[in-house]
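Here's the letter readout for the chains.
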Amino acid sequence: MQYGGKKVFDSVHGFIHLDHLETEFIHTKVFQRLQHIHQLGVAYLVYPGGTHHRYEHSLGVMQLASEIYDHLILATYDVAVIEKFQDKIFDHIPKFMSPEYEYYRKILRMAALCHDIGHLPFSHAAEKLILGEKGHEKWTASIIRSHYMRPFWKKISEASGIRKSPEDVELDVLKTAVGERDVKILDLKTTFTPWEKILSEIITADFFGADRIDYLLRDAKYTGITYGLFDYHQLIEMLRIICIEQLDRSVLKLGIEEEGIESCEALLMSRYFMHKRICHYSTVKAYTWHLKRFMKECYSETDYLTDLDRYLEFTEHRVLADMSVAEKDSQHPGHYEAVSFLNYDKRCKAISLPSPLDQEDLNTMIKQHEIPDEKISLEINSHDVDYQTNLDFPVLKKSGAIVNGNELSKITIPIPASSWLYVSSDYEKRLRQSLGASE
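Treat the numbers as computed from the prediction; the structure is a model and nothing was measured. (Residues numbered from 1 in each chain as written. Predicted model: local features only at pLDDT ≥ 70, side-chain atom pairs only at ≥ 80, totals over all residues. Heavy atoms only, no water.)

### Quick look at the side chain of E56
Here is the rule: Secondary structure elements follow DSSP: runs of H or I of four or more residues count as helices, runs of E of two or more count as strands, with numbering from the N terminus. Type-normalised accessible area, obtained with a 1.4 Å probe on protein chains alone, sets the label of each residue: buried when under 20%, exposed when over 50%, and partly exposed for intermediate values. Only four residue types enter the tally: Lys and Arg on the positive side, Asp and Glu on the negative side; His and the chain ends are excluded. Salt bridges, as used here, are contacts in which a Lys or Arg side-chain nitrogen is within 4 Å of a carboxyl oxygen on Asp or Glu. Contact criterion: two residues are considered in contact whenever any of their non-hydrogen atoms come within 4.5 Å of each other.
Among the secondary structure elements, E56 is positioned in helix α3 (residues 54–77). Of the side chains with opposite charge, R218 comes closest to the buried, unpaired E56, at an N-O distance of 5.6 Å. Beyond its immediate sequence surroundings of up to four residues, E56 is in contact with D10 and R218.

Set out below in C-alpha cells:
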C-alpha cells in the first residue's frame, strides 16, 4: 500500500491518497475528460447543487473499493471468521500483504478509476438511444485497450512481484472494471476465476459495489436529497466473502454477516427513493428526453461515435455549443429539441404512466386532440429495473449457517413506471384528463 504520489481532498471521503502511477493517470486526457461529464446528466437543471462529475465519483469509487478490499481480505483471515468458512475459500483469495495481494489491490484501484471513462456527455442520458445494448462499457473497454493506457499496464507489469505481462494487466483491469455481465455483453472471449468475480463485484456488484455506494452518498450530498444517506460504514464492516457449495463445486459470493442486514435495507430504500426523486422525477425526465433526441439527431452518424480520438473530445461543452447553434437555425435537424431544451416554457411535459399504453392507444389520442407528431412521443420502458428490488444475496448467520437475505427481511421495492409520455405543454392538460393522470 505505497502512496507517495499526491492526495486529493474529496467532499465525501476526505483525503484520498494516490501513488505516483495513479497520480500520473488522473492527469491524462482520458481521465480529465470526466471533469466535463456530469454524474447526474441534466439533473442540475432541477437540483442546482447536482453539479458533480464522473471525475470525483471515480476517485470516490477507488477509495471505497480499496477499503472494501482490505476489509474483506483481513476479515477472511480473522480467526473468528475462519471458524465459519470452509477451507476451500483459501484456495482462491490472495494472502494478506503477499505479492498477489498487492498486485490485485493495484488492479482494483486502477479499474475503479477506469470504470466510467467510456461515458457519453451527460452520462446515461442518451446512452441507450445512441450506444445500444453495449452502452458506455464498449468505450470503456476500447479505452482500456488503447495506446493511451498501454504505458500504465507496462509499468504495473514491471512493478508487480508476480509474473504478469502488460497484456495480462490490461485484461485484469478490463474484467475488474466492467464486470462479468458486461464482459459477456461485449462478447469478450474470456472467463472469470472465482477470485476475479469477487474482485469485479467490489466495484460493479448491483448491491454491494463501491460504484453504487459512492453515487448514492455523492448524489445525496450534492442534490441535498438525504434519502441517499445510509450507514455504509456498518455495511462495509459486515461484508464477507462467502463460500457456497453448489453441486460438485464451491462458489465464492460477496455477502454479509447477519448484523449488517439493517444497513442493507437502508441502502435498498435509499436507491429506490433517490431514483424516484432524481432519475424518475418528471422535470428531469423531460429535459433528458429533449437532450437525448438532440444527441441522436446530431451525433449518431458522426465520427464522435466511431473514432476513439474523436470520442475523447466529445464532452458536454461540445453538445451545449452545438445546441446553441441549433437553437438559432430553424433548418438545423436538432432545432426543435434545442429550442425545447434551452427554453423552459418550450420544453415538453413528462407524464408517468404506471399502466401500459401501446402505440395504438397513443395514435387514438393524437387523432382525438389533433397533436402534431413532433409534439408527442411515447417511451416504453422494459420491465428490467436498474436497481435491485430485494435482498438477494448470501447472509452468514451467527450460527455459521448461510441463508438468503430475503429470509431475514420483509422489505420489497416496487417496480417503477413502465412508460412515460412526453407531450408539448399546449396539450398537457387535455391528455392528463384523458389518461386520468395526476399533475
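### Looking at the side chain of H369
Tracing the sequence through the fold places H369 in helix α18 (residues 359–369). Among the residues examined, H369 registers a relative accessible area of 12% and is labelled buried.

### Comments concerning the pattern of salt bridges
Per the stated rule, a full pass over the model turns up 24 salt bridges. Where E24 meets K155, a salt bridge forms, and the shortest distance between an N and an O atom there is 2.9 Å. Note that E24 is positioned in helix α1 (residues 20–26) and K155 in helix α8 (residues 150–159), a separation of 131 residues in sequence. Residue classification places E24 among the partly exposed positions, given a relative accessible area of 37%. Looking at K155, the relative accessible area reads 36%, which means it is partly exposed. We note a salt bridge from R310 to E313, for which the minimum N-O separation is 3.0 Å. When salt bridges that share partners are traced, they join D19, E22, K106 and R109 into one network.

### Some points on the pairing of strand β4 (residues 249–257)
It is a general feature of regular strands that their side chains alternate between the two faces of the sheet. Rule in force here: Paired strands, as defined in this entry, are two strands with at least two bridges between them according to DSSP.
Of all nine residues making up β4, seven are buried, and the element is well covered by its neighbours. Where strand β3 (residues 239–246) folds back onto β4 in an antiparallel hairpin, the turn is made up of two residues, including L247, whose phi is positive at roughly 55°. In terms of strand pairing, β4 meets strand β7 (residues 394–396) through two bridges, oriented parallel. Bridge assignment links I256 to a residue of β7, and that residue is V395.

### So, the sheet that holds strand β9 (residues 419–423)
The strands making up a sheet are joined through hydrogen bonds of the backbone, oriented either antiparallel or parallel. Put simply, the rule reads: Fitted lines through C-alpha atoms serve as axes, helices being fitted only where they are in contact, and the angles separating the N-to-C directions of these axes extend from 0 to 180 degrees.
Spatial ordering of the open sheet is given by β5-β9-β6, a layout of three strands whose pairing is antiparallel. Bordering the open sheet on either side are β5 (349–353) and β6 (376–380), each of which pairs with just one other strand. Between one strand axis and the next, the sheet turns by 20° as a mean value, whatever way the strands run.

### Structural notes on the environment of A338
Examined against the element boundaries, A338 turns out to sit in helix α17 (residues 335–342). Residues A338 and Q32, 306 residues apart in the sequence, show an inter-C-alpha distance of 27 Å. Those residues in contact with A338 that lie beyond four places of it in its chain are F294, M323, A326 and E327.

### Brief notes about the packing of helix α14 (residues 282–299) against helix α16 (residues 316–328)
Stated formally: These descriptions rest on fixed angle ranges, namely under 35 degrees for roughly parallel, over 145 for roughly antiparallel, 65 to 115 for roughly perpendicular, and the rest for oblique. Ten residue types, Ala, Val, Leu, Ile, Met, Phe, Trp, Tyr, Cys and Pro, are classed as nonpolar, four, Asp, Glu, Lys and Arg, as charged, and the remainder, Gly among them, as polar.
Packing of α14 against α16 brings their axes to within 11 Å, and their N-to-C directions diverge by 85°. One element, α14, and the other, α16, form an angle in the roughly perpendicular class. In this structure, α14 uses L291, F294, M295 and Y299 to contact α16, whose residues at the interface are R318, V319, D322, M323 and A326. Its residues assigned to classes, the contact of α14 with α16 comprises seven nonpolar, no polar and two charged.

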